Amino acid sequence: MKQFEIAADLQQTLVDHFSGLHSGGGRSSIVGGQSAADSALSQLDISGYAKNRSEVLPVRARGASVLSPYIRHNIITLQQAWDRVAKAPVADRDKFRDELLWQEYARHLYARLSRRLFENLRFEQAWDQAGDGWPKGMACVDFVVDELESDGWLVNQTRMWLASQWTVRNQAGWLHGQERMFRELIDGSRAANLLGWQWTVGSGSGKPYGFARWQVEKRAPGLCGGCALKQKCPIQNFPEEIELAETSFEPLLLSDSNPDQTAGPLLAIKKRPPEMVLLTIDSLGDGDPALTANPTLPAVFIFDENALRKLQLSSKRIFFYLEVLQDLGRRREVLVHLGDPAEFSREHSLAVTYAPVPSFAKYHDLAEIHPYPWLKKPHASSLRSFSAWRGKLK
Ligand SMILES: Cc1cc2nc3c(=O)[nH]c(=O)nc-3n(C[C@H](O)[C@H](O)[C@H](O)COP(=O)(O)OP(=O)(O)OC[C@H]3O[C@@H](n4cnc5c(N)ncnc54)[C@H](O)[C@@H]3O)c2cc1C
C-alpha cells in the first residue's frame, strides 16, 4: 500500500504514482471537486432545456447542464439537482427531472441486476463480437470520438450516435464499445453507461436507435459540409428497422425478492467507533453521509491498483478524482493511498457510505455503514422499462 500527498502538483502525481495504471488522454476541461460542483450548480440555468438538451453544435447552442460528472459521483446528489430547478419554467423543469429519474433508474437497475446488466438484457444484439465500430473517415463520428477522447464528456445525443454507429450500423459487439466509452467518460458509471448502450442498441428496449445524416444535420448543422464523404454518406438514410429476437427471460427484471438488500441500509449501521471515513467513487461529496456523521475523522481514499491496471482508464478520469480529493483536502484531512481497498478495510476500522454496486461486497466488517443517498427508494416491482419502473415509485 503506497500513500501519497494530495496537495502536491497533480501532473507530477500522475507521473510518480500512476505509471501503467491509465491509458493517457490528458485532462478534461471539467474540473473535479465540490467547489467546482457548487459553482456549476449555483450557475445552473435550465431555461430552454427541453428544446435544446440534444443540440450538439454550435457548442453555445447546447442546452445540457454538464452536471453529470458531479452527479455520477454524488458530489451533487440527484435530490440537490432536483430541488435546484424547482423554480425553472415548467416544461424545462419537468424534462430535466425526467432525466434525473433516468439516472436513478440506471442506479436501481444496476443495484438489482448487478453484473447481469453487462449482457443482452431483453433482446439479442451484437454483444461481444470483436471490431472497432468507429472507423475513421466520417466527420460526424470523428468529431464525437475526438471530443470523447480529448474532453471525456459528450451530450446524450452524441453518445447515442456513437453507440448506434458501433453496433446498429457496424455490428461490433456493444460490450466493447461501452468499455471504450467508459474508459474516457469522466461521468463514466457502469449503471448509466450500460443502460445507455442497452437502450440505444436495442438489447434493453427492443428498438435500436437508428443513427443517420438527418440527426447530424439537425443537431450539428455545418458538420456534414466539411465531410470527405458528404457525396457518398454511409449514413445518408436511416438503417433498416429490424426486429430483435428476445433473449432468455430474466426474472429479476420483473420482481425483486430482496429489495432491502438491493437498497442497502436505510439507517446507519454502527458496530464500533471508526478511525476514519472511507470514500468510494460512488460518494465523493462533502455531504457524503459517512463524512458528515464523522466530522472530526480523516477521510481516506484508496485507488484500487489492480482494478486500474486492468481497466486502463483515461488519465482524465484519474485527474478528476485527484482534483476532487485535493479540493476536499482544503477543508478536511484527506489520506490517499494506492493499493488494495479490501485489504485496507480488513486492517482499519472504517465508516463508509453504502454504494449499490457489486464491488461494494469487497469491504470487510465495516465499523459503520451509512445509507446511500437515493432519490427514490428501490421498489420490488418491474424494471422492464423506465415507465413501468416509474409507475411504481413512491
Ligand atoms: C450510450 C450512452 C452512454 C451513457 N453513459 C453515461 C455514463 O457513463 N454516465 C452518466 O452519468 N450518464 C451516461 N449517459 C446518460 C447521459 O448521456 C448523460 O448523463 C448526459 O449526457 C450527461 O450530460 P448532462 O449532465 O449535461 O445531462 P443533462 O441533460 O443536463 O441531464 C441532467 C442529469 O440527468 C441525468 N441524465 C440525463 N440524461 C440521462 C440518461 N439518458 N440516462 C441517465 N441519466 C441521464 C444525468 O445525471 C445528468 O447529469 C449515457 C447515455 C448513453 C446514450
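In short, a report on the structure. Note that the structure is a prediction, hence the values are computed from the model and not measured.

This part covers the overall build of the protein chain. In terms of helices and strands, the protein chain carries 17 helices and 7 strands. Relative to the 2.2 N^0.38 estimate, which gives 21 Å for 394 residues, the radius of gyration of the protein chain is 21 Å and therefore close to what a compact globule would have. Taken over the C-alpha atoms alone, the protein chain extends approximately 65 × 50 × 45 Å along its principal axes. The buried share of the protein chain, taken over its 394 residues, is 56%. Element-wise, carbon and sulfur atoms account for 51% of the exposed surface of the protein chain, whose accessible area totals about 17,300 Å².

What follows is about the site of the ligand. What surrounds the ligand is a group of 29 residues, the closest being Tyr49, Ser65, Val66, Asn156 and Asp187. Asparagine 156 is positioned with one of its side-chain polar atoms (N or O) 2.8 Å from an oxygen atom of the ligand. Within the side chain of arginine 159, a nitrogen or oxygen atom sits 3.3 Å from an oxygen atom of the ligand. Burial of the ligand by the surrounding chains reaches 96%, relative to a free accessible area of 810 Å². Here the residues of the shell around the ligand sort into 17 nonpolar, 9 polar and 3 charged.

So, about the environment of leucine 78. Topologically, leucine 78 is positioned in helix α5 (residues 78-84). For the pair leucine 78 and leucine 100, spaced 22 residues apart in sequence, the C-alpha to C-alpha distance is 6.4 Å. In contact with leucine 78, not counting residues within four places along its chain, are Ile71, Leu100, Gln103, Glu104, Arg107 and Leu375.

With that settled, the discussion passes to the environment of serine 42. Among the secondary structure elements, serine 42 is positioned in helix α2 (residues 34-42). Along the chain, serine 42 and arginine 84 lie 42 residues apart, while their C-alpha atoms are 8.4 Å from each other.

Moving on, we come to the packing of aromatic side chains. Both the distance between ring centres and the angle between the ring planes are used here to describe each pair of aromatic rings. Inspection of every chain in the model, using the stated rule, returns 20 aromatic pairs. Ring centres of tyrosine 49 and phenylalanine 96 lie 5.3 Å apart, and the angle between their planes is 80°; on these two criteria the pair is classed as edge-to-face. Within this pair, whereas tyrosine 49 is found in helix α3 (residues 49-52), its partner phenylalanine 96 is found in helix α6 (residues 90-113), the two being separated by 47 residues in sequence. Here tyrosine 49 falls in the buried class, since its relative accessible area comes to 6%. Between tyrosine 105 and tryptophan 389 the ring centres are 5.1 Å apart and the planes differ by 40°, which places this aromatic pair in the tilted class. Here the residue tyrosine 105 occupies a position in helix α6, and tryptophan 389 occupies one in helix α17 (residues 386-391), the gap between them amounting to 284 residues. This pair shows no difference in class: tyrosine 105 is buried, exactly as tryptophan 389 is. Grouped by ring-pair contacts, the aromatic residues Trp102, Tyr105, Trp199, Phe386 and Trp389 constitute a single cluster. When the ring centre of phenylalanine 182 is taken as reference, the NZ or CZ atom of arginine 190 above it lies at 3.7 Å.

The next thing to look at is helix α7 (residues 139-151). For α7, which comprises 13 residues, the first-to-last C-alpha distance of 18 Å matches the rise-based estimate of 18 Å (1.5 Å per residue) to within 8%. Buried residues of α7: Ala139, Cys140, Val141, Val144, Val145, Glu147, Leu148 and Asp151, and no others. Against the buried residues of α7 lie α8 (156-169), α9 (174-184), α11 (213-219) and α15 (315-328). Looking at the residues trailing α7, positive phi occurs at glycine 152, about 75°.

Once that is clear, we can look at the pairing of strand β6 (residues 350-353). Of the two faces of β6, both are covered, the one formed by Leu350 and Val352 as well as the one formed by Ala351 and Thr353. With 3 bridges connecting them, strand β3 (residues 276-279) and β6 associate as parallel partners. The residue bridging leucine 278 from the neighbouring strand is valine 352, located in β6. Strand direction decides the pairing type here: β6 and strand β7 (residues 368-370), joined by 3 bridges, are parallel. Each bridged residue has a counterpart across the sheet, and for threonine 353 the counterpart in β7 is histidine 370.

Rules used in this analysis
- Residues numbered from 1 in each chain as written.
- Predicted model: local features only at pLDDT ≥ 70, side-chain atom pairs only at ≥ 80, totals over all residues.
- Heavy atoms only, no water.
- Helix = DSSP H or I, 4+ residues; strand = E, 2+ residues; numbered from the N terminus.
- Rg over C-alpha atoms; globule rule 2.2 N^0.38 Å.
- Buried < 20%, exposed > 50% of the residue type's maximum accessible area, 1.4 Å probe, protein only.
- Areas by Shrake-Rupley, 256 points an atom, 1.4 Å probe, with all protein chains shown as cover.
- Near = heavy atom within 4 Å.
- Polar contact = N/O pair within 3.5 Å; in protein donor to acceptor, adjacent residues only side chain to side chain.
- Nonpolar A, V, L, I, M, F, W, Y, C, P; charged D, E, K, R; others polar.
- Contact = heavy atoms within 4.5 Å.
- Phe/Tyr/Trp six-rings, centres within 6.5 Å; stacked < 30°, edge-to-face > 60°.
- Lys NZ or Arg CZ within 6 Å of the ring centre and 35° of its normal.
- Expected span 1.5 Å × (residues − 1).
- Pairing = 2+ DSSP bridges.

Remember that the coordinates give geometry; whether it matters functionally is a separate question.
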